[in-house]
Amino acid sequence: MPRGIAKRMLGELEIIAADSAVRELAEGYGEAVPFGIVRQLLETRHSLAVWRRYRGLSQHELADAAGIGESYISQIESGAKTGSVKSLRRLAEALGVDIDELFASKDR
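Fair warning: this is a prediction, and the values are worked out from it, not measured in the lab.

How do you make sense of the overall build of the chain when you look at a structure like this?
Along its length, the chain carries six helices and zero strands. Its helices and strands in sequence order give the chain the pattern α-α-α-α-α-α, from N to C terminus. By the burial criterion, 23% of the 108 residues in the chain qualify as buried. Taking contacts inside the chain between residues at least 6 apart in sequence as the whole, the part at least 24 apart equals 44%.

When you look at the packing of helix H2 (residues 35–43) against helix H3 (residues 47–54) in this model, what are you seeing that I'm missing?
Two quantities define a packed helix pair, namely the angle between the helix axes and the distance between the axes. Between H2 and H3, whose axes approach to 8 Å, the crossing angle comes to 160°. Accordingly, the angle class assigned to the pair H2 and H3 is roughly antiparallel. For the pair H2 and H3, the crossing hand works out as right-handed. Listed contacts from H3 to Ile37, Gln40 and Leu41 of H2 are Ser47, Val50, Trp51, Arg53 and Tyr54. Grouping the amino acids of the contact of H2 with H3 by side-chain chemistry returns five nonpolar, two polar and one charged.

I would appreciate a short explanation of the confidence of the model for the chain in the present structure.
In low-pLDDT segments, the atomic positions of the prediction should not be examined closely. Looking at the chain as a whole, the pLDDT averages 81, with 77% of positions reaching at least 70. Mean pLDDT in the chain bottoms out at helix H1 (residues 3–26), which sits at 63, and peaks at helix H4 (residues 59–66), which reaches 97.

Thresholds applied
- Residues numbered from 1 in each chain as written.
- Predicted model: local features only at pLDDT ≥ 70, side-chain atom pairs only at ≥ 80, totals over all residues.
- Heavy atoms only, no water.
- Helix = DSSP H or I, 4+ residues; strand = E, 2+ residues; numbered from the N terminus.
- Buried < 20%, exposed > 50% of the residue type's maximum accessible area, 1.4 Å probe, protein only.
- Contact = heavy atoms within 4.5 Å.
- Axes fitted to C-alpha atoms, helices over the stretch in contact; angles between N-to-C directions.
- Parallel < 35°, antiparallel > 145°, perpendicular 65-115°, else oblique.
- Left-handed = near helix turned anticlockwise from the far one by under 90°.
- Nonpolar A, V, L, I, M, F, W, Y, C, P; charged D, E, K, R; others polar.
- pLDDT = per-residue confidence, 0-100.

Right, here's the structure in full:
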């Protein structure tokens, strides 16, 4: 496929994706996240800490909300542990995000 056509198609797909995101927000689905937070999420390998800080929670508060040990959260945020699926589900629920949001874009 010629490069010009591929670029035009990519541009059109980006417009469609943006329109879809705006429509979802208007219908009450999803959440508008500030650009600075999005940039942090894209640049980090440990998005749990970004979401926790964005929600205004300390590790202790998140641990209480998720029913998980504070030291375990610290280990996940530092990269020492990856976290079990069960614990990540609990953390995602406490943070009000989908579990896949806890995986940095570099990991997806």
